[in-house]
Amino acid sequence: MRKTLYIFSLFVLSLCFAACTSHPDVPSAAKSVGKLPQIYPDYCNVTVPCNIAPLNFMLPNEIYDECVARITTPDGNSQTYGDGHKVIIPEDEWHDILAASSGKDITVEVWGKKGNEWYAFNKFNITVSADSIDEYISYRLIEPSYLIYDYMEIAQRNISNFEESTIFNNKVACDKAKGQCINCHSYQNYRTDNMLFHVRVTNGGTIFVNDGELSKVDLKRDNTISAGVYPSWHPTEKLVAFSTNTTRQMMHTINKNKAEIFDLASDLILYDITKNEVSIVSADTTRLEVFPTWSPDGKYLYYCSTLSDTTKANISSNYRNVQYNLYRRAFDVKTHQFGDEELIYDAVSKNRSISLPRVSPDGRHIIFAESGYGCFNIWHHDADIQMIDIPTTTSSENMNQTNSLSLLNSKDYAESYPTWSSNGKWIMCASRRDDGNYSRVYISYFDGKKAHKAFELPQSDPEHNSLRLKSYNRPEFMVEPVKHTISEFKNVVEKE
C-alpha cells in the first residue's frame, strides 16, 4: 500500500508539472550575483548524451521563491522555463533542444527571486555530445540499512524519459517474518534475454533468464564456500563467473564510515548454464578472491585478490590491513581452462585497495572503486572511481598509473559500482555525494582520455531523490528493458 501511494503521488506530481509548465518572462531588472547558480541537481557545465531525459533543476527553496531559466540553442533560438523555484522542461521541447544542439553547447541563464528582488547568475553551458547513451538502466532500490531491511526492489528506468518500472521486489514471493533479499542483477552484453539475479533467505536461489526461459538454480556445491555471489556473464558463452563468499558485517560507533562488510573466505567459480555444472576457478585457501569480470573478448577473467590473513578473532583490529590488488587469468573458450594468475594493478603498494573492476567495451581500460582498505567500499568516504589502461605486459612501468577521473568523483563522499555504457562513452556509478547517506546514480562522459564532470540521473521533479529515501544500488546499463513480468518471476521464485 505504501509503495502504491508513493507511485501514485509521483504520477500526480508529474501530471501537475506537465499542466503547469509555463514560459515566463525574463526579469526586466536583476542584480548580478557574479557566480554560477547553486542549482540542484548541479548541471552547470556538464556534458550529456544526445538522448537524455530533461535536466530539470531547482534553486534552494529556503532562499529563493521563484526561478526563471532561459535556454538558448546554438542556432540562437531560446525558450524560458520556470514554475516556482523549479525549472521543469517538457520532454518534447527538451528533445527538440537536444536535436538542435548535438555536438555543440546549450547556453543556460538563470534568475532567482528573493523577496521582491531578482538576482541574475552567471551563464553556464550544457554540452550535448553526439554520442548517445544506452536507453535503459537498472538498479536496486533499498534503504541504507545495516542489519535489517524491509521493502526492496530491482527497478529499471528509461533514461531518455522518466519511465520507471519494477523488475522484481521482495514482497511478492515472501510473506515470512525473516524476509527476503534480492540482489546482483546482471546481464550478458547489456541484453535481457540472458540475465540473472539472486534471491536469498526465503525461497532462495539464483533466477536465470536463459534465451528468454526462466529457471531457478541452487549454485551451492559440496566443494564451494557458498552459492554464487558476485556474477559476471561471459560475453559469448553460456557461462557465468561468480565469487563464493563467507561475508560478515560490523558497525562503527565513531568512525564516519558507518559499516564494514568483509570476507572471511572467498573463491571463484564458473557456472556452465547449459550443463548445470559448477567448476572451480580458484580455491586457494591462503587468498581472498572476489568480484570477477570478463574482458569483452572473453579471453581473460579479471578479479580482486588479497592474502587471507583475516579471521573472526582478529577482524575487529585487522580490517584496515585487508587490501586487494587486481589480477587476471587467461581463459580458453574451447576447453574452459584458466591460465596462471597475473598481477595487473598493484594497489597495495600504494596503500590502497580496489573492488568492482569493469573492462571497457574496447578492451583498453579498466575502471574500479578504490579506497584505503577492504573490498566493499560504498560506505568508505575516501572511495573513488579510478581507471587504468590495460597493460600490454605485466612488467609494464605504467602498471600503477591511474588516469584522471577527478571530474567524475566527489571530494569527500563514496563513489562505487562503476560500469561502462555499451559504446564505452559513458561511465555510471553510485555516489553518496548529495548527503553522505543515500547513494544515487551519477553519469560521466568519457572522451577516450578523461572523464568529464558527472551529472545526476535526471528526474521529472528535481526534488524526487530528496523525497525518495532509497539508495540506488548496483546501477547497470541495458540496451533494452527486461521483458518478463513480476508475476512470471514470482512463479519461478516460489518453486523448489
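Residues numbered from 1 in each chain as written. Predicted model: local features only at pLDDT ≥ 70, side-chain atom pairs only at ≥ 80, totals over all residues. Heavy atoms only, no water.

## So, the overall build of the protein
Here is step 1 of the chain: Helix and strand counts for the protein come out as five helices and 32 strands.
Here is step 2 of the chain: Its C-alpha atoms give the protein a radius of gyration of 23 Å, near enough to 23 Å, the size a compact globule of 496 residues would have.
Here is step 3 of the chain: With the C-alpha coordinates of the protein rotated into their principal frame, the extents come out at 75 × 55 × 45 Å.
Here is step 4 of the chain: Pairs at least 24 residues apart make up 59% of the contacts formed inside the protein by residues separated by at least 6 positions.
Here is step 5 of the chain: Accessible area for the protein stands at about 21,100 Å²; split by element, carbon and sulfur atoms hold 48% of it.
Here is step 6 of the chain: Of the charged side chains in the protein, 50 are positive and 62 negative, and the gap between their average positions amounts to 3 Å. (Helix = DSSP H or I, 4+ residues; strand = E, 2+ residues; numbered from the N terminus. Rg over C-alpha atoms; globule rule 2.2 N^0.38 Å. Contact = heavy atoms within 4.5 Å. Areas by Shrake-Rupley, 256 points an atom, 1.4 Å probe, with all protein chains shown as cover. Lys, Arg positive; Asp, Glu negative; His and termini not counted. Charge placed at Lys NZ, Arg CZ, Asp CG, Glu CD.)

## Remarks on the environment of glutamate 66
Here is step 1 of the chain: The topology assignment puts glutamate 66 in strand β4 (residues 66–72).
Here is step 2 of the chain: On the basis of relative accessibility, which here comes to 34%, the residue glutamate 66 falls in the partly exposed class.
Here is step 3 of the chain: Linking glutamate 66 and glutamine 156, residues 90 residues apart in sequence, is a C-alpha distance of 33 Å.
Here is step 4 of the chain: Look past the residues within four positions of glutamate 66 in its chain and what remains in contact with it is Leu59, Gly84, His85, Trp111, Gly112, Lys113 and Trp118. (Buried < 20%, exposed > 50% of the residue type's maximum accessible area, 1.4 Å probe, protein only.)

## Focus on helix α5 (residues 486–493)
Each turn of an α-helix holds 3.6 residues, which means side chains three or four residues apart point in the same direction.
Here is step 1 of the chain: Those residues of α5 that fall on the buried side of the exposure criterion are Phe489, Val492 and Val493. Projected down its long axis, α5 shows its buried positions confined to an angular sector of 100 degrees, all on one face.
Here is step 2 of the chain: Along its buried surface, α5 packs onto β12 (164–169), β13 (180–188), β14 (191–201), β15 (205–210) and β16 (213–217). (Arc of directions from axis to C-beta.)

## So, the side chain of threonine 224
Here is step 1 of the chain: Looking at the secondary structure, you find threonine 224 in the loop between β16 and β17 (231–233).
Here is step 2 of the chain: A polar atom in the side chain of threonine 224 sits 3.1 Å from the backbone oxygen of arginine 221.
Here is step 3 of the chain: Non-local contacts of threonine 224, meaning those with residues more than four positions away in its chain, are made with Leu219, Thr244, Ile269, Val278 and Ile280. (Polar contact = N/O pair within 3.5 Å; in protein donor to acceptor, adjacent residues only side chain to side chain.)

## Here's the deal with helix α2 (residues 91–101)
Here is step 1 of the chain: Regarding α2, the residues found buried are Trp94, Ile97, Leu98 and Ser101. All buried residues of α2 project into a common sector of 100 degrees when viewed along the axis, lining one side. Of the residues in α2, the exposed ones pointing more than 90 degrees away from the buried face are Asp92, Asp96 and Ala99.
Here is step 2 of the chain: Among the structural elements, β4, β5 (78–81), β7 (105–114) and β9 (124–128) are those in contact with the buried residues of α2.
Here is step 3 of the chain: Taken from the residues just after α2, glycine 103 is the one with a positive phi, measuring 80 degrees.

## Concerning unusual backbone geometry
Here is step 1 of the chain: Here the bond from tyrosine 40 into proline 41 is cis, since omega is -10 degrees, no more than 30 degrees from zero.
Here is step 2 of the chain: As for its placement among the helices and strands, proline 41 is situated in the loop between β1 (31–32) and β2 (46–48).
Here is step 3 of the chain: Unusually for a residue other than glycine, tyrosine 190 sits at a positive phi of about 70 degrees.
Here is step 4 of the chain: Tracing the sequence through the fold places tyrosine 190 in the loop between β13 and β14.
Here is step 5 of the chain: Backbone geometry at valine 201 places phi at a positive 70 degrees, although glycine is not the residue there.
Here is step 6 of the chain: Among the structural elements, valine 201 can be located in strand β14.

## Here's the deal with the sheet that holds strand β11 (residues 153–158)
Here is step 1 of the chain: Strand order in this open sheet of four strands is β12-β11-β10-β32, and the pairing throughout is antiparallel. Two strands bound the open sheet, and with one partner strand each, they are β12 and β32 (471–478). Strand-to-strand twist in this sheet, taken as the mean axis angle between neighbours without regard to direction, amounts to 25 degrees.
Here is step 2 of the chain: Examined bridge by bridge, strand β10 (residues 136–142) and β11 share six bridges and lie antiparallel to one another. The partner of isoleucine 137 across the bridge, within β11, is arginine 157. (Pairing = 2+ DSSP bridges. Axes fitted to C-alpha atoms, helices over the stretch in contact; angles between N-to-C directions.)

## Here we look at the confidence of the model for the protein
Here is step 1 of the chain: Per-chain confidence: the protein averages 90 in pLDDT, with 91% of residues scoring 70 or above.
Here is step 2 of the chain: Note on residues 1–20: pLDDT is under 50 here. Beyond four places in sequence and across chains, it has 14 contacts. (pLDDT = per-residue confidence, 0-100.)

## Topic: the pairing of β11
Here is step 1 of the chain: The buried count for β11 comes to six of six residues, which makes it a mostly enclosed element.
Here is step 2 of the chain: Burial along β11 is two-sided: Glu153, Ala155 and Arg157 facing one way and Ile154, Gln156 and Asn158 facing the other are all buried.
Here is step 3 of the chain: Of the strand pairs in this sheet, β11 and β12 are connected by five bridges, and their pairing is antiparallel. Bridging across to β12, isoleucine 154 finds its partner in phenylalanine 168.

## Observations concerning the sheet that holds strand β31 (residues 455–456)
Here is step 1 of the chain: Ordered by their spatial adjacency, four strands build an open sheet running β28-β29-β30-β31, and the pairing between neighbours is antiparallel. With partners counted over all chains shown, the strands left at the sheet margins are β28 (415–420) and β31, one partner each.

## Things to note about the state of the cysteines
Here is step 1 of the chain: Throughout the structure, instances matching the rule amount to zero disulfides.
Here is step 2 of the chain: Considering cysteine sulfurs only, cysteine 184 is the nearest to cysteine 181, which forms no disulfide, with 8.4 Å between them.
Here is step 3 of the chain: Given a relative accessible area of 13%, cysteine 181 falls into the buried group.
Here is step 4 of the chain: Between cysteine 375, a cysteine without a disulfide, and cysteine 304, which holds the nearest cysteine sulfur, the sulfur-to-sulfur distance is 7.6 Å. (Disulfide = S-S within 2.5 Å.)

## Quick look at the nonpolar core
Here is step 1 of the chain: Counting residues in hydrophobic clusters, the biggest one holds 41 residues, and the most contacted among them are Phe57 and Val110.
Here is step 2 of the chain: Contact partners of valine 110, with chain neighbours within four places excluded, come to Pro37, Phe57, Leu59, Cys67, Val68, Ala69, Tyr119, Ala120, Phe121 and Phe124. (Core = buried A, V, L, I, M, F, W, Y, C linked by side-chain atoms within 4.5 Å.)

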